[in-house]
Amino acid sequence: MLLSVENITVRYGRLTALRNFSLTMEQGETLFVTGPNGAGKSTLLKSIAGVVAPVTGTIHFHEQDVGGQPPEGIARLGLSMVPEGRHVFGSLTIEENLILGAGMRRDKARMAENLASVYDLFPVLSERKDSHAGVLSGGQQQMLVIGRALMTEPQLIAIDEPSLGLAPKIIDQVYDTLTRLRDERGLSLLIVEQSTTRAVMAGGRMVMLRSGELVLEGDARELSKGDALNAAYFGFEEH
Amino acid sequence: MTAVLQILFDALSVGSIYALGALGIALIFGVMRLVNFAHGDYIAFCVFAMLWPSLDVVAIVFIGNLPWFLLIPVILGIGAGLSIISEILVFRRLRDANPATMMITSFALGFVIHNVLLMFYSSRPKAINLWSNLSLPVEIMGARIPLLQVITIVMTIVILLALVTFLRRTQFGVEMRAAAEDFTMARMLGVKANRVIMAAFGVSGALAGCIALILATQTGVADINMGLPVMLVAFVATVIGGLGSLHGAVIAGFLIGGVSVLLQVFLPLEARPFRDAFVYSAVIASLLWRPQGLFAPKSSKERV
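The sections below set out a description of the structure shown in this document. Here the structure is a predicted model, which means the values were calculated and not measured. (Residues numbered from 1 in each chain as written. Chains lettered and ligands numbered in written order. Predicted model: local features only at pLDDT ≥ 70, side-chain atom pairs only at ≥ 80, totals over all residues. Heavy atoms only, no water.)

**As for the sheet that holds strand 2 (residues 15-25) of chain A**
Residues and elements named next belong to chain A. Read across the open sheet, the 4 strands follow the order 2-1-4-5; overall the sheet is antiparallel. Across the chains shown, the open sheet's two edge strands, defined by having one partner strand only, are strand 2 and strand 5 (64-65). The pairing of strand 4 (residues 56-61) with strand 5 spans 2 bridges and is classified as antiparallel. Bridge pairing in strand 5 places Phe61 opposite Gln64. In the packing of helix 1 (residues 41-49) onto the sheet, the strands contacted are strand 1 (3-12), strand 2 and strand 4, and the crossing angle to strand 1 comes to about 115 degrees. (Pairing = 2+ DSSP bridges. Helix = DSSP H or I, 4+ residues; strand = E, 2+ residues; numbered from the N terminus. Contact = heavy atoms within 4.5 Å. Axes fitted to C-alpha atoms, helices over the stretch in contact; angles between N-to-C directions.)

Now the structure itself:
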């Protein structure tokens with residue numbers, strides 16, 4: 001098992017953001033985490049990445065307990081996080097942003113190889129590699145942070161709302177890239193999206209969160225056939 | 001012409017001290033959101049480190065007698081060491097505390113260092129004679145400039161160039177810049193928090209050591225309060241420059257130095273005692289015009 005989250009509860013002060021939540025992922029799997037605003041999706045990713053600490057429960061990555069590990073420790077295990085809002089380093093050049101992801105490997109040859117492969121994947125980044133990342137458009141920034149995550153040679157990329165603030169055409173490109181990475185490199189993807197549309201389009205397993213709790217789990221396409229999806233999303237009672 | 005040159009050198013050498021101080025404060029603020037008010041006391045500590053502890057009126061120069069090529073690295077090392085020790089013993093425990101708590105802690109740490117100096121050296125300023133031949137003037141294009149001013153400016157430029165090269169050309173430098181901009185994101189890319197923060201404290205402390213050497217040579221006095229005015233102006237410079245922006249801090253440091261020297265020269269005689277009031281009016285005007293600072297980083301500052 002690649003990732004296993006067991007019964008975690010996360011609180012911010014008196015507010016409980018996640019309650020007794022569990023999740024497992026296999027190598028090479030794509031898992032969508034969906035749900036309305038404030039459901040606890042970002043909190044889930046932050047706890048997996050070691051940014052917030054759950055009050056109870058355990059998180060294992062590659063059978064290794066990562067509870068209490070700092071974010072840099074978890075990144076070094078092969079879990080790369082792309083947080084909401086992308087977080088490019090605007091004052092760094094594009095190439096510096098990418099090189100940053102390779103810092104922990106300390107292997108110049110591999111770094112050059114990975115850099116070439118990222119530029120191959122996103123030619124637009126190579127054209128502008130010496131400009132500041134702050135000047136890139138939203139779509140280009142999304143490509144940059146995916147490229148930066150790839151530079152860490154991850155086994156799992158956790159990505160929070162990759163479609164946020166992007167034009168539909170650009171979102172298509174982002175998802176094309178993500179599915180290509182999954183198919184060609186066997187990368188595991190944990191994707192958080194507010195809407196279920198992308199999950200249904202891309203296919204794969206989906207879990208849905210609402211108010212910090214798991215409300216639905218299953219194959220995205222199967223779930224989309226009935227009313228269950230909408231009912232769970234909006235919290236309608238069964239009649 | 002010579003007068004202009006003289007003013008220029010005055011402005012640059014005063015600005016150099018402020019710029020080095022502002023850089024020391026901005027480096028730590030960048031990675032930790034901490035305004036380290038103990039920085040001024042690091043400067044005083046470095047000055048007194050040259051003396052043997054005694055309550056006598058006459059200073060007993062000890063380390064200060066080392067030849068310059070040993071004294072400089074030793075004092076820089078003492079500054080860096082003191083700064084790193086305060087990180088490990090004090091600030092590391094407050095890493096997740098809010099900025100106000102950290103700031104007040106830095107005040108407390110400053111008082112502790114201050115009182116340690118008081119205990120071992122007494123509060124009386126002591127004359128020290130460090131590199132006194134540096135105050136002899138040299139002639140540059142007709143103007144007579146104290147050699148120390150020239151050395152201060154050249155040293156500052158060398159330090160700034162070295163720092164820029166380090167920050168731009170090395171992997172660790174890129175990591176430090178990234179950490180200053182968005183610490184959590186940098187960590188999620190595998191940048192080790194402790195290493196980056198310790199390096200920032202180390203460089204910052206070494207800069208305090210630089211200032212100590214310049215001030216001690218310039219004034220010929222060791223005074224436990226000597227770091228405070230520099231620290232205050234340097235802090236103001238980091239704010240005007242835009243908190244979190246390293247080059248903003250440096251430029252603002254030079255700017256304040258330049259403005260105060262110009263005011264000193266051109267203010268009418270009876271207004272000169274109030275020079276600092278004019279300097280700070282300029283500071284207020286600058287902040288009203290750009291509250292985020294002259295060189296605020298473009299990226300959003302939202303932090304997880």
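**Details of the packing of helix 2 (residues 39-48) of chain B against helix 3 (residues 68-89) of chain B**
Residue and element names in this part refer to chain B. Direction vectors running N to C along helix 2 and helix 3 enclose 135 degrees, while the axes themselves pass 9 Å from each other. Classified by the interaxial angle, the pair formed by helix 2 and helix 3 is oblique. For the element pair helix 2 and helix 3, the recorded crossing hand is right-handed. Contact residues: Tyr42, Phe45 and Cys46 in helix 2; Ile75, Ile78, Gly79, Leu82, Ser83 and Ser86 in helix 3. Of the residues in the contact of helix 2 with helix 3, the class split is 6 nonpolar, 3 polar and no charged. (Parallel < 35°, antiparallel > 145°, perpendicular 65-115°, else oblique. Left-handed = near helix turned anticlockwise from the far one by under 90°. Nonpolar A, V, L, I, M, F, W, Y, C, P; charged D, E, K, R; others polar.)

**Quick notes on the interface of chain B and chain A**
Counting residues at the interface gives 22 residues for chain B, matched by 27 residues for chain A. The largest share of the area that chain B buries against chain A comes from Gln171, Met188 and Leu189 of chain B, three residues that together contribute 31% of it. The tally of links from chain B across to chain A stands at 2 salt bridges. Every element with two or more residues in the side of chain B that touches chain A is listed here: helix 6 (171-181), helix 7 (183-188) and helix 8 (193-219) of chain B. With 6 residues, helix 6 of chain B is the largest single contributor of residues to the side of chain B that touches chain A. In terms of residue class, the side of chain B that touches chain A is made up of 9 nonpolar, 4 polar and 9 charged. (Buried area = accessible area lost by both parts, 1.4 Å probe. Salt bridge = Lys/Arg side-chain N within 4 Å of Asp/Glu carboxyl O.)

**Re the packing of helix 3 (residues 94-101) of chain A against helix 4 (residues 108-121) of chain A**
All names here are of chain A. Running from N to C, helix 3 and helix 4 cross one another at 125 degrees; their axes reach a closest spacing of 10 Å. In terms of orientation, helix 3 lies oblique with respect to helix 4. Helix 3 and helix 4 meet at a crossing whose hand is right-handed. Side by side, helix 3 and helix 4 meet where Glu95, Leu98 and Ile99 of the first sit next to Met111, Leu115, Val118 and Tyr119 of the second. Here the contact of helix 3 with helix 4 is built from residues that sort into 6 nonpolar, no polar and 1 charged.

**As for the pairing of strand 8 (residues 188-193) of chain A**
Residue and element names in this part refer to chain A. Burial runs high along strand 8: 6 of the 6 residues are buried. A two-sided burial pattern is seen for strand 8, the buried positions comprising Ser188, Leu190 and Val192 on one face and Leu189, Ile191 and Glu193 on the other. Both strand 3 (residues 30-34) and strand 8 contribute to a ladder of 5 bridges, which runs parallel. Across the sheet, residue Thr34 finds its bridge partner in strand 8, namely Glu193. In this view, the connection linking strand 7 (residues 156-160) to its parallel neighbour strand 8 by way of helix 7 (residues 168-185) has right-handed handedness. (Buried < 20%, exposed > 50% of the residue type's maximum accessible area, 1.4 Å probe, protein only. Right-handed = clockwise from strand over helix to strand, strands pointing away.)

**Some words on the packing of aromatic side chains**
All names here are of chain B. The tally for this structure, following the rule as stated, stands at 7 aromatic pairs over all chains. Relative to Phe201, the ring of Phe91 lies with its centre 5.7 Å away and its plane at 25 degrees, an arrangement referred to as stacked. Here Phe201 lies in helix 8 and Phe91 lies in the loop between helix 3 and helix 4 (99-121), a separation of 110 residues in the sequence. For the residue pair Phe91 and Phe201, the accessibility class agrees, reading buried in each case. Among the aromatic residues, those joined into a cluster by ring pairs are Phe37, Phe107 and Phe235. (Phe/Tyr/Trp six-rings, centres within 6.5 Å; stacked < 30°, edge-to-face > 60°.)

**Considerations on the side chain of Asn114 of chain A**
Residue and element names in this part refer to chain A. Residue position: Asn114 is located in helix 4. Look at Asn114 and you get buried, because its relative accessible area is 16%. Setting aside anything within four residues of it in sequence, one finds Asn114 in contact with Met151 and Glu153.

**Details of the sheet that holds strand 7 of chain A**
All names here are of chain A. Taken in spatial order, the 6 strands make up an open sheet running 6-7-8-3-9-10, and their pairing is mixed. A strand with exactly one partner marks an edge of an open sheet, and here the two such strands are strand 6 (79-82) and strand 10 (213-219). If you compare each strand with its neighbour and ignore which way they point, the axes differ by 15 degrees on average. Sitting on the sheet, helix 1 is in contact with strand 3, strand 6, strand 7, strand 8 and strand 9 (205-210), with an inclination near 145 degrees to strand 8.

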